[in-house]
Amino acid sequence: MRYKGKVIRMRVGKMAFTFLWALGLGGFFPAPRLMAQTVSSLEQYLRTEKTLSGLQQVLDKAARLPADIHYRPLLERELDFGYHQTYYEGRLEGAEFTLIVIHREDQVVLAHWEGTGRRQRDWVHDEAGLHTYWQQHQGFYQSDLSENAFTTQLGGHYIFGLRCGFAGTYISGEGQQLGQALEKKNPAPLQAWLRSPNVELQTYGAIGLLELKHQGVTLDLTDLRIIEHLLSRNSPVYTCAGCLVGVVQPFLDIVGVP
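This report concerns the structure included in the present document. (Residues numbered from 1 in each chain as written. Predicted model: local features only at pLDDT ≥ 70, side-chain atom pairs only at ≥ 80, totals over all residues. Heavy atoms only, no water.)

Glancing now at the overall build of the protein. For the protein, the count of helices and strands is ten helices and seven strands. For the protein, with 258 residues in total, the buried portion stands at 47%. Within the protein, residue pairs in contact and separated by at least 24 positions form 54% of the contacts whose partners lie at least 6 positions apart. (Helix = DSSP H or I, 4+ residues; strand = E, 2+ residues; numbered from the N terminus. Buried < 20%, exposed > 50% of the residue type's maximum accessible area, 1.4 Å probe, protein only. Contact = heavy atoms within 4.5 Å.)

Another point: helix 8 (residues 199-214). Taking 1.5 Å of rise per residue, 16 residues should cover 22 Å, and helix 8 covers 22 Å from first to last C-alpha, within 8% of that figure. Two to three positions downstream of the cap, the backbone nitrogen of Glu 200 sits 3.0 Å from a side-chain oxygen, assigning the N-cap of helix 8 to Asn 198. Just downstream of helix 8 lies Gly 216, where phi reads positive at about 100 degrees. (Expected span 1.5 Å × (residues − 1). Polar contact = N/O pair within 3.5 Å; in protein donor to acceptor, adjacent residues only side chain to side chain.)

All right, on to the nonpolar core then. Ranked by size, the top nonpolar core spans 34 residues in total, and within it Tyr 133, Leu 154, Leu 190, Leu 194, Leu 209, Ile 227 and Phe 251 carry the most contacts. Broken down by secondary-structure element, the contributors of at least two residues to this core are strand 4 (107-114), helix 4 (127-141), helix 5 (147-155), helix 6 (173-184), helix 7 (188-194), helix 8, helix 9 (221-233) and helix 10 (251-255). Every residue in contact with Leu 154, bar those within four places of it in the chain, is listed here: Leu 79, Gln 85, Ile 102, Leu 110, Leu 130, Tyr 133, Pro 197 and Asn 198. (Core = buried A, V, L, I, M, F, W, Y, C linked by side-chain atoms within 4.5 Å.)

Sheet architecture is open: five strands sit in the order 1-2-3-4-5, paired in antiparallel fashion. Each edge of the open sheet carries a strand with a single partner, namely strand 1 (69-78) and strand 5 (120-124). Across this sheet, the average inter-strand angle for adjacent strands is 15 degrees, counted without regard to direction. Where strand 4 lies against strand 5, five bridges are found, and the strand directions are antiparallel. Note that in strand 5 the partner of Ala 111 across the bridge is Trp 123. Against the sheet, helix 4 contacts strand 2 (83-92), strand 3 (95-104), strand 4 and strand 5, and its axis sits at roughly 120 degrees relative to strand 2. Each of strand 2, strand 3 and strand 4 touches helix 5; the most contacted strand, strand 4, lies at about 70 degrees to it. (Pairing = 2+ DSSP bridges. Axes fitted to C-alpha atoms, helices over the stretch in contact; angles between N-to-C directions.)

Before going further, it helps to examine the pattern of salt bridges. Enumeration according to the criterion identifies seven salt bridges in this entry. The partner of Glu 200 in a salt bridge is Arg 77, and the shortest N-O contact between them spans 2.7 Å. Placement of Glu 200 in helix 8 and of Arg 77 in strand 1 is noted, with a sequence separation of 123 residues between them. The residues Glu 200 and Arg 77 share a single accessibility class, namely buried. Its salt-bridge partner being Asp 80, residue Arg 233 comes within 3.0 Å of it at the nearest N-O pair. Placement of the pair is Arg 233 in helix 9 and Asp 80 in the loop between strand 1 and strand 2, with a sequence separation of 153 residues. Comparing Arg 233 with Asp 80, the two get one shared label, buried. Connected through salt bridges with shared partners, the residues Glu 43, Arg 47 and Arg 121 form a single ionic network. (Salt bridge = Lys/Arg side-chain N within 4 Å of Asp/Glu carboxyl O.)

Let us now look at the environment of Arg 225. Looking at the element boundaries, Arg 225 is found in helix 9. You can call Arg 225 partly exposed: its relative accessible area is 34%. Along the primary structure Arg 225 and Tyr 141 are separated by 84 residues, whereas in three dimensions their C-alpha atoms are 9.2 Å apart. When residues no more than four places from it in sequence are discounted, the contact partners of Arg 225 are Phe 140 and Gln 142.

The tally for this structure, following the rule as stated, stands at ten aromatic pairs. Each ring, one from Tyr 133 and one from Phe 150, has its centre 5.2 Å from the other, and the planes form 85 degrees; the classification is edge-to-face. Note that Tyr 133 is positioned in helix 4 and Phe 150 in helix 5, a separation of 17 residues in sequence. Across the ring face of Tyr 83, the terminal group of Arg 104 is positioned such that the distance to the ring centre comes to 5.1 Å. The ring of Phe 140 is capped by Arg 225, whose NZ or CZ atom sits 4.9 Å from the centre of that ring. (Phe/Tyr/Trp six-rings, centres within 6.5 Å; stacked < 30°, edge-to-face > 60°. Lys NZ or Arg CZ within 6 Å of the ring centre and 35° of its normal.)

Burial within strand 4 is extensive, with seven of its eight residues counted as buried. Note: strand 3 against strand 4, seven bridges, orientation antiparallel. Across the sheet, the residue bridging to Ile 100 is His 112, located in strand 4. A loop of two residues connects strand 3 with strand 4, the two strands running antiparallel in sequence, and Glu 105 in this loop sits at a positive phi of about 55 degrees.

And the structure:
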């Protein structure tokens, strides 16, 4: 897997420390440290940035430091009402990290961080913007999600995949629930996913409801309207394909045209 950013391996001397402080990132690598502490340092710098361009500059600067860091922007996608989502993933001194940013133009609204040991953090830089997004979502999708549940799903790191892992033997929790809903011809959990702000959960919901429709179940008109909207929006979806995780596919390629 290739990552954006130059990889540099060298011993950090006095001149290097001066350079780090000049960058404003002198606290990143002051001495050999545990991986969790190093990743935590990166997180602390990132969480002070309130713009997407500012986050990008921190990652770019970190990639030029004398440490083993790789990162790449995995995907950037349109959500609704002028909001977008950008995924970054990378590795710092052997520890993997994921950064998911919800933004409106350059303004960071919400960011979700996962570091060593799946340690998760969320930070909000635009509470008013997030509240407005929730209200708009509730109206358009006719959803009853609480604002907390909306925020959790919006920034959540989900993967769409019905069969992943070695030889496709791993089925995600959502995949298992999808199978149960289809077996019982129960649209309720699928309708809840369809009304999620998370693209991967919406994909599970659309796939399931369209399969029920194929089996002769009459879908709610609101469900059909939402599916049409998602097909038109055609956002990229974070998927797994066998052992490969992080494969990005357009919504239309996964769901098809009903």
